[in-house]
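Structural overview for review
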Amino acid sequence: PPSAKQVQQREETERKQLLRRVRELARRPVDELTEDERALIEEHSSEAKKAIKRLGEASAKKERLEEHEDDAAECAHKLGVIADALRTAKHAVVYTGAGLSTAASIPDYRGPQGIWTQLERATKIAPISIPKVDLATCTPAEGHMCLAALVAGGIVKHVVSQNCDGLHLRSGLPRAQLSELHGNSFIEYCPTCVPHRDFIRPVDVSINSKPRRHDTGRACDACGSPLQDTIVHFGEKSKAPTTANWPGALDNAAAADVIVCIGSSLKILKKYPLWGADRPARNRPKLFIINLQWTPKDRAADIVLRAKTDAALHSLAGSLGIEIPPYDPTKDPIATAEPVPVTEQSTTGGWYGRGLKRKRT
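An account of the accompanying structure is given in this report. (Residues numbered from 1 in each chain as written. Predicted model: local features only at pLDDT ≥ 70, side-chain atom pairs only at ≥ 80, totals over all residues. Heavy atoms only, no water.)

Considerations on the packing of aromatic side chains
- Counted under the stated rule, the structure contains 2 aromatic pairs.
- Each ring, one from Y95 and one from W275, has its centre 5.3 Å from the other, and the planes form 85°; the classification is edge-to-face. With Y95 in strand β1 (residues 92-96) and W275 in the loop between β9 (258-262) and β10 (286-290), the pair connects residues that are 180 residues apart, well separated along the chain.
- Accessibility expressed as a relative area gives 0% for Y95, which makes it buried. (Phe/Tyr/Trp six-rings, centres within 6.5 Å; stacked < 30°, edge-to-face > 60°. Helix = DSSP H or I, 4+ residues; strand = E, 2+ residues; numbered from the N terminus. Buried < 20%, exposed > 50% of the residue type's maximum accessible area, 1.4 Å probe, protein only.)

Remarks on the side chain of H214
- Tracing the backbone through its elements, the reader meets H214 in the loop between β6 (197-200) and β7 (215-219).
- For H214, a relative accessible area of 12% corresponds to the buried category.
- Separated by 2.9 Å, the side chains of H214 and E236 make a polar contact.
- With residues up to four places along the chain from it excluded, the contact list for H214 reads S209, L227, Q228, D229, I231, H233 and E236. (Polar contact = N/O pair within 3.5 Å; in protein donor to acceptor, adjacent residues only side chain to side chain. Contact = heavy atoms within 4.5 Å.)

Let's talk about the state of the cysteines
- By the definition in use, this model includes 0 disulfides.
- Free of any disulfide, C190 has its nearest cysteine sulfur in C223, 3.5 Å distant. (Disulfide = S-S within 2.5 Å.)

Focus on the sheet that holds strand β11 (residues 303-305)
- Pairing is parallel in the open sheet, where 6 strands are placed in the order β4-β3-β1-β9-β10-β11. Edge strands, defined here as strands with exactly one partner in the open sheet, are β4 (178-180) and β11. For this sheet, the mean angle separating the axes of adjacent strands, direction not counted, is 15°.
- Summarising the sheet, strand β3 (residues 158-161) and β4 pair through 3 bridges and their orientation is parallel. Note on β4: the bridge partner recorded for V159 is L178.
- Its contacts with the sheet put helix α4 (residues 72-88) on β1, β9, β10 and β11, and the angle it makes with β11 is roughly 125°. (Pairing = 2+ DSSP bridges. Axes fitted to C-alpha atoms, helices over the stretch in contact; angles between N-to-C directions.)

Quick word on the environment of C138
- Along the polypeptide, C138 turns up in the loop between β2 (128-130) and α6 (142-152).
- The sequence separation of C138 and S101 amounts to 37 residues, and the corresponding C-alpha distance is 9.4 Å.
- Not counting chain neighbours up to four residues away, the residues in contact with C138 comprise A104, I106, V133, L167 and R170.

Thoughts on the pattern of salt bridges
- Applying the stated criterion across every chain yields a total of 14 salt bridges.
- A salt bridge links R28 to E37, with the shortest nitrogen-to-oxygen separation between them at 3.6 Å.
- Among the residues examined, R28 registers a relative accessible area of 32% and is labelled partly exposed.
- Among the residues examined, E37 registers a relative accessible area of 13% and is labelled buried.
- One continuous salt-bridge network, built from bridges that share partners, spans R21, R28 and E37. (Salt bridge = Lys/Arg side-chain N within 4 Å of Asp/Glu carboxyl O.)

Next comes the structure, spelled out in C-alpha coordinates:
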(Lines give C-alpha, C1' and ligand atoms only; values in the text may rest on other atoms or scores of the structure.)
Protein backbone atom coordinates (compact mmCIF):
# COMPACT_ATOMS: atom_id res chain seq x y z
CA PRO A 1 0.00 0.00 0.00
CA PRO A 2 1.20 3.63 -0.63
CA SER A 3 2.81 5.47 2.25
CA ALA A 4 1.13 8.37 3.98
CA LYS A 5 3.50 10.75 2.19
CA GLN A 6 2.64 9.28 -1.20
CA VAL A 7 -1.07 9.58 -0.46
CA GLN A 8 -0.59 13.20 0.57
CA GLN A 9 1.37 13.97 -2.61
CA ARG A 10 -1.29 12.32 -4.78
CA GLU A 11 -4.07 14.26 -3.08
CA GLU A 12 -2.15 17.52 -3.52
CA THR A 13 -1.63 16.76 -7.21
CA GLU A 14 -5.32 16.00 -7.66
CA ARG A 15 -6.26 19.19 -5.84
CA LYS A 16 -4.00 21.28 -8.10
CA GLN A 17 -5.43 19.62 -11.20
CA LEU A 18 -8.95 20.30 -9.98
CA LEU A 19 -8.22 23.97 -9.29
CA ARG A 20 -6.50 24.32 -12.65
CA ARG A 21 -9.63 22.90 -14.27
CA VAL A 22 -11.82 25.35 -12.35
CA ARG A 23 -9.65 28.29 -13.44
CA GLU A 24 -9.83 27.17 -17.07
CA LEU A 25 -13.62 26.85 -16.94
CA ALA A 26 -14.00 30.23 -15.22
CA ARG A 27 -12.41 31.91 -18.23
CA ARG A 28 -14.95 30.48 -20.67
CA PRO A 29 -18.35 32.04 -21.50
CA VAL A 30 -21.08 30.66 -19.23
CA ASP A 31 -23.31 29.62 -22.15
CA GLU A 32 -20.56 27.31 -23.40
CA LEU A 33 -20.37 25.33 -20.16
CA THR A 34 -22.13 22.03 -19.51
CA GLU A 35 -24.32 21.55 -16.46
CA ASP A 36 -21.59 19.55 -14.72
CA GLU A 37 -18.99 22.24 -15.46
CA ARG A 38 -21.24 24.94 -14.01
CA ALA A 39 -21.76 22.83 -10.91
CA LEU A 40 -17.99 22.44 -10.55
CA ILE A 41 -17.48 26.20 -10.74
CA GLU A 42 -20.26 26.81 -8.20
CA GLU A 43 -18.69 24.28 -5.83
CA HIS A 44 -15.37 26.10 -6.06
CA SER A 45 -16.73 29.61 -6.49
CA SER A 46 -13.98 31.26 -4.47
CA GLU A 47 -11.24 29.98 -6.77
CA ALA A 48 -13.35 30.80 -9.84
CA LYS A 49 -13.78 34.41 -8.67
CA LYS A 50 -10.02 34.74 -8.19
CA ALA A 51 -9.43 33.44 -11.71
CA ILE A 52 -11.94 35.90 -13.20
CA LYS A 53 -10.36 38.76 -11.25
CA ARG A 54 -6.86 37.85 -12.45
CA LEU A 55 -8.14 37.60 -16.01
CA GLY A 56 -9.66 41.07 -15.75
CA GLU A 57 -6.46 42.51 -14.31
CA ALA A 58 -4.37 40.95 -17.08
CA SER A 59 -6.75 42.30 -19.70
CA ALA A 60 -6.67 45.80 -18.18
CA LYS A 61 -2.88 45.74 -18.00
CA LYS A 62 -2.63 44.71 -21.64
CA GLU A 63 -5.07 47.43 -22.66
CA ARG A 64 -3.11 50.07 -20.76
CA LEU A 65 0.04 49.14 -22.68
CA GLU A 66 -1.66 49.69 -26.01
CA GLU A 67 -0.96 52.92 -27.83
CA HIS A 68 -3.81 54.96 -29.29
CA GLU A 69 -3.98 58.12 -31.39
CA ASP A 70 -6.91 60.50 -31.42
CA ASP A 71 -8.37 61.31 -34.84
CA ALA A 72 -7.41 64.55 -36.58
CA ALA A 73 -10.52 66.50 -35.50
CA GLU A 74 -10.18 65.47 -31.85
CA CYS A 75 -6.45 66.27 -31.86
CA ALA A 76 -7.11 69.72 -33.28
CA HIS A 77 -9.74 70.47 -30.65
CA LYS A 78 -7.63 69.28 -27.72
CA LEU A 79 -4.51 71.04 -28.97
CA GLY A 80 -6.54 74.24 -29.23
CA VAL A 81 -7.59 73.92 -25.59
CA ILE A 82 -4.01 73.25 -24.45
CA ALA A 83 -2.68 76.17 -26.53
CA ASP A 84 -5.26 78.52 -25.01
CA ALA A 85 -4.32 77.34 -21.51
CA LEU A 86 -0.62 77.95 -22.16
CA ARG A 87 -1.34 81.34 -23.73
CA THR A 88 -3.22 82.57 -20.66
CA ALA A 89 -1.20 80.75 -17.99
CA LYS A 90 0.61 82.78 -15.38
CA HIS A 91 3.00 79.95 -14.57
CA ALA A 92 3.09 76.88 -16.85
CA VAL A 93 5.42 73.95 -16.20
CA VAL A 94 6.09 70.87 -18.31
CA TYR A 95 6.87 67.33 -17.13
CA THR A 96 8.55 65.04 -19.65
CA GLY A 97 9.26 61.31 -19.88
CA ALA A 98 10.96 58.82 -22.16
CA GLY A 99 8.22 59.08 -24.81
CA LEU A 100 9.62 62.49 -25.79
CA SER A 101 12.97 60.95 -26.75
CA THR A 102 11.74 58.06 -28.90
CA ALA A 103 11.86 60.48 -31.85
CA ALA A 104 15.61 60.72 -31.16
CA SER A 105 15.92 56.90 -31.55
CA ILE A 106 16.13 56.26 -27.81
CA PRO A 107 13.86 53.45 -26.53
CA ASP A 108 11.27 54.25 -23.90
CA TYR A 109 10.54 52.13 -20.82
CA ARG A 110 6.86 51.27 -20.69
CA GLY A 111 5.72 51.44 -24.32
CA PRO A 112 4.71 48.25 -26.18
CA GLN A 113 8.40 47.68 -27.03
CA GLY A 114 9.78 49.54 -24.01
CA ILE A 115 12.66 48.30 -21.90
CA TRP A 116 10.63 47.37 -18.79
CA THR A 117 7.82 45.93 -20.93
CA GLN A 118 10.26 43.62 -22.69
CA LEU A 119 11.90 42.61 -19.42
CA GLU A 120 8.53 41.44 -18.11
CA ARG A 121 8.07 39.29 -21.22
CA ALA A 122 11.54 37.73 -21.07
CA THR A 123 11.72 33.96 -20.63
CA LYS A 124 14.32 31.26 -21.15
CA ILE A 125 12.65 30.41 -24.44
CA ALA A 126 12.23 33.99 -25.67
CA PRO A 127 15.02 36.21 -24.27
CA ILE A 128 15.00 39.91 -25.06
CA SER A 129 17.72 41.88 -26.76
CA ILE A 130 17.57 45.66 -26.65
CA PRO A 131 19.88 47.26 -29.23
CA LYS A 132 22.80 49.41 -28.21
CA VAL A 133 22.28 53.15 -28.29
CA ASP A 134 25.17 55.59 -28.05
CA LEU A 135 23.58 58.61 -26.37
CA ALA A 136 26.47 60.80 -27.52
CA THR A 137 25.34 60.38 -31.13
CA CYS A 138 21.68 61.22 -30.38
CA THR A 139 20.58 64.80 -30.88
CA PRO A 140 17.47 66.64 -29.67
CA ALA A 141 14.27 65.87 -31.56
CA GLU A 142 11.83 68.56 -32.66
CA GLY A 143 9.91 68.16 -29.39
CA HIS A 144 12.98 69.04 -27.32
CA MET A 145 13.69 72.09 -29.49
CA CYS A 146 10.05 73.17 -29.22
CA LEU A 147 10.14 73.07 -25.42
CA ALA A 148 13.39 75.04 -25.41
CA ALA A 149 11.68 77.67 -27.57
CA LEU A 150 8.60 77.77 -25.31
CA VAL A 151 10.87 78.36 -22.31
CA ALA A 152 12.86 81.03 -24.17
CA GLY A 153 9.60 82.73 -25.11
CA GLY A 154 8.44 82.81 -21.50
CA ILE A 155 5.40 80.62 -22.14
CA VAL A 156 6.81 77.71 -20.09
CA LYS A 157 8.62 78.61 -16.88
CA HIS A 158 10.26 75.28 -16.04
CA VAL A 159 10.76 71.76 -17.40
CA VAL A 160 10.87 68.77 -15.05
CA SER A 161 12.22 65.63 -16.73
CA GLN A 162 12.62 62.00 -15.77
CA ASN A 163 14.99 61.46 -18.68
CA CYS A 164 18.73 61.05 -18.19
CA ASP A 165 19.63 61.28 -21.90
CA GLY A 166 20.76 64.92 -21.70
CA LEU A 167 18.67 66.01 -24.69
CA HIS A 168 16.92 68.85 -22.85
CA LEU A 169 20.28 70.35 -21.92
CA ARG A 170 21.54 69.85 -25.48
CA SER A 171 18.48 71.64 -26.86
CA GLY A 172 19.53 74.85 -25.15
CA LEU A 173 17.35 74.76 -22.03
CA PRO A 174 19.05 76.76 -19.26
CA ARG A 175 19.96 74.53 -16.30
CA ALA A 176 18.20 76.94 -13.96
CA GLN A 177 14.92 76.17 -15.74
CA LEU A 178 15.48 72.42 -15.93
CA SER A 179 15.17 69.70 -13.30
CA GLU A 180 16.61 66.35 -14.41
CA LEU A 181 15.25 64.40 -11.47
CA HIS A 182 16.85 61.09 -12.43
CA GLY A 183 20.18 62.52 -13.49
CA ASN A 184 22.06 63.26 -16.70
CA SER A 185 24.28 60.64 -18.32
CA PHE A 186 26.74 63.31 -19.44
CA ILE A 187 27.32 64.97 -16.07
CA GLU A 188 29.56 63.78 -13.27
CA TYR A 189 30.12 65.73 -10.10
CA CYS A 190 32.37 66.02 -7.08
CA PRO A 191 30.44 65.31 -3.88
CA THR A 192 33.35 66.55 -1.74
CA CYS A 193 33.69 70.10 -3.02
CA VAL A 194 31.50 72.75 -1.41
CA PRO A 195 29.46 73.59 -3.32
CA HIS A 196 29.47 70.42 -5.40
CA ARG A 197 31.27 70.86 -8.71
CA ASP A 198 29.72 69.57 -11.95
CA PHE A 199 31.67 68.35 -14.96
CA ILE A 200 29.80 68.17 -18.28
CA ARG A 201 31.35 65.60 -20.62
CA PRO A 202 30.86 64.93 -24.36
CA VAL A 203 30.48 61.21 -23.62
CA ASP A 204 28.13 59.10 -21.51
CA VAL A 205 29.83 58.66 -18.12
CA SER A 206 27.37 56.18 -16.62
CA ILE A 207 28.99 52.86 -17.62
CA ASN A 208 29.85 51.99 -14.01
CA SER A 209 26.57 53.25 -12.62
CA LYS A 210 24.78 50.82 -10.33
CA PRO A 211 22.62 51.25 -7.23
CA ARG A 212 24.82 52.82 -4.55
CA ARG A 213 27.85 52.58 -6.85
CA HIS A 214 28.40 55.79 -8.77
CA ASP A 215 32.17 56.33 -9.10
CA THR A 216 33.02 57.15 -12.72
CA GLY A 217 36.73 56.36 -12.54
CA ARG A 218 37.84 59.99 -12.79
CA ALA A 219 38.93 62.45 -10.12
CA CYS A 220 38.01 66.05 -9.38
CA ASP A 221 40.66 68.39 -10.83
CA ALA A 222 40.21 70.71 -7.83
CA CYS A 223 40.37 68.39 -4.81
CA GLY A 224 41.28 64.99 -6.26
CA SER A 225 38.22 63.20 -4.89
CA PRO A 226 36.51 60.49 -6.98
CA LEU A 227 33.82 61.85 -9.29
CA GLN A 228 30.35 60.32 -9.33
CA ASP A 229 27.67 60.07 -12.00
CA THR A 230 24.31 61.75 -11.41
CA ILE A 231 22.05 58.79 -12.28
CA VAL A 232 19.26 57.91 -9.83
CA HIS A 233 18.41 54.21 -9.65
CA PHE A 234 15.28 52.64 -8.13
CA GLY A 235 15.33 53.04 -4.36
CA GLU A 236 17.78 55.95 -4.45
CA LYS A 237 17.49 59.68 -3.89
CA SER A 238 19.46 62.15 -5.95
CA LYS A 239 22.69 63.42 -4.41
CA ALA A 240 23.55 65.70 -7.35
CA PRO A 241 21.74 68.90 -6.37
CA THR A 242 22.42 71.01 -9.47
CA THR A 243 21.39 68.34 -11.96
CA ALA A 244 18.26 67.12 -10.15
CA ASN A 245 17.40 70.71 -9.17
CA TRP A 246 14.64 69.58 -6.81
CA PRO A 247 14.21 73.09 -5.35
CA GLY A 248 13.44 74.37 -8.86
CA ALA A 249 10.98 71.54 -9.49
CA LEU A 250 9.16 72.02 -6.18
CA ASP A 251 9.05 75.82 -6.33
CA ASN A 252 7.71 75.85 -9.89
CA ALA A 253 5.19 73.10 -9.15
CA ALA A 254 3.95 75.14 -6.20
CA ALA A 255 3.54 78.20 -8.41
CA ALA A 256 2.05 76.36 -11.39
CA ASP A 257 -1.44 77.09 -12.67
CA VAL A 258 -0.91 74.83 -15.73
CA ILE A 259 0.94 71.51 -15.91
CA VAL A 260 1.52 69.73 -19.22
CA CYS A 261 2.81 66.15 -19.05
CA ILE A 262 4.44 64.91 -22.23
CA GLY A 263 5.52 61.36 -23.12
CA SER A 264 5.42 59.92 -19.61
CA SER A 265 3.58 56.95 -18.15
CA LEU A 266 3.59 58.96 -14.87
CA LYS A 267 3.93 55.74 -12.88
CA ILE A 268 6.96 57.17 -11.09
CA LEU A 269 6.27 60.88 -11.42
CA LYS A 270 2.81 60.50 -9.85
CA LYS A 271 4.51 59.70 -6.52
CA TYR A 272 6.40 62.99 -6.39
CA PRO A 273 4.93 66.08 -4.66
CA LEU A 274 4.53 68.02 -7.90
CA TRP A 275 0.77 68.09 -8.41
CA GLY A 276 -0.57 70.76 -6.06
CA ALA A 277 -2.46 68.14 -4.06
CA ASP A 278 -2.00 70.23 -0.92
CA ARG A 279 -4.08 73.06 -2.38
CA PRO A 280 -7.87 73.34 -2.29
CA ALA A 281 -9.35 71.60 -5.33
CA ARG A 282 -10.43 74.87 -6.94
CA ASN A 283 -6.87 76.24 -6.74
CA ARG A 284 -5.06 73.26 -8.21
CA PRO A 285 -3.31 73.64 -11.56
CA LYS A 286 -4.99 72.61 -14.77
CA LEU A 287 -3.53 69.30 -15.92
CA PHE A 288 -2.98 68.31 -19.54
CA ILE A 289 -1.51 64.97 -20.63
CA ILE A 290 0.00 64.19 -24.04
CA ASN A 291 0.78 60.49 -24.24
CA LEU A 292 -0.07 57.53 -26.45
CA GLN A 293 -0.85 55.26 -23.49
CA TRP A 294 -3.01 55.30 -20.38
CA THR A 295 -1.55 57.01 -17.32
CA PRO A 296 -2.67 56.88 -13.66
CA LYS A 297 -3.34 60.63 -13.84
CA ASP A 298 -5.79 60.44 -16.76
CA ARG A 299 -8.89 60.78 -14.58
CA ALA A 300 -7.51 63.90 -12.90
CA ALA A 301 -6.58 65.57 -16.18
CA ASP A 302 -8.55 68.36 -17.86
CA ILE A 303 -7.50 67.03 -21.27
CA VAL A 304 -5.83 63.76 -22.29
CA LEU A 305 -4.42 63.91 -25.79
CA ARG A 306 -3.43 60.65 -27.46
CA ALA A 307 -0.82 61.82 -29.96
CA LYS A 308 2.87 61.56 -30.80
CA THR A 309 4.82 64.12 -28.84
CA ASP A 310 6.75 65.76 -31.69
CA ALA A 311 3.62 66.27 -33.78
CA ALA A 312 1.67 67.67 -30.83
CA LEU A 313 4.43 70.07 -29.81
CA HIS A 314 4.93 71.21 -33.41
CA SER A 315 1.23 72.09 -33.58
CA LEU A 316 1.30 73.86 -30.20
CA ALA A 317 4.28 75.96 -31.23
CA GLY A 318 2.46 77.00 -34.40
CA SER A 319 -0.69 77.94 -32.48
CA LEU A 320 1.36 80.01 -30.04
CA GLY A 321 3.39 81.74 -32.76
CA ILE A 322 6.64 80.20 -31.58
CA GLU A 323 9.33 79.40 -34.15
CA ILE A 324 11.10 76.10 -33.48
CA PRO A 325 14.86 76.57 -33.96
CA PRO A 326 17.00 73.84 -35.51
CA TYR A 327 19.45 72.02 -33.27
CA ASP A 328 22.77 73.88 -33.20
CA PRO A 329 25.71 71.74 -32.02
CA THR A 330 27.82 74.87 -31.45
CA LYS A 331 25.39 75.88 -28.68
CA ASP A 332 25.22 72.39 -27.20
CA PRO A 333 27.07 72.35 -23.83
CA ILE A 334 27.57 68.58 -24.13
CA ALA A 335 28.85 68.53 -27.73
CA THR A 336 31.21 71.42 -26.97
CA ALA A 337 32.42 70.07 -23.62
CA GLU A 338 36.11 69.42 -23.06
CA PRO A 339 37.04 65.99 -24.48
CA VAL A 340 37.75 63.13 -22.10
CA PRO A 341 41.44 62.13 -22.23
CA VAL A 342 42.16 59.05 -24.36
CA THR A 343 43.56 57.28 -21.31
CA GLU A 344 40.16 57.56 -19.60
CA GLN A 345 37.92 56.64 -22.52
CA SER A 346 37.52 53.05 -21.32
CA THR A 347 35.29 54.47 -18.59
CA THR A 348 32.85 56.00 -21.05
CA GLY A 349 29.88 54.63 -22.97
CA GLY A 350 27.04 54.13 -20.52
CA TRP A 351 24.17 51.72 -19.90
CA TYR A 352 22.45 52.40 -23.24
CA GLY A 353 25.80 51.97 -25.00
CA ARG A 354 26.05 48.40 -23.71
CA GLY A 355 22.55 47.42 -24.76
CA LEU A 356 20.72 44.78 -22.77
CA LYS A 357 20.21 41.05 -23.05
CA ARG A 358 18.41 39.17 -20.33
CA LYS A 359 16.60 35.93 -19.69
CA ARG A 360 14.04 35.46 -16.98
CA THR A 361 14.84 32.35 -14.95
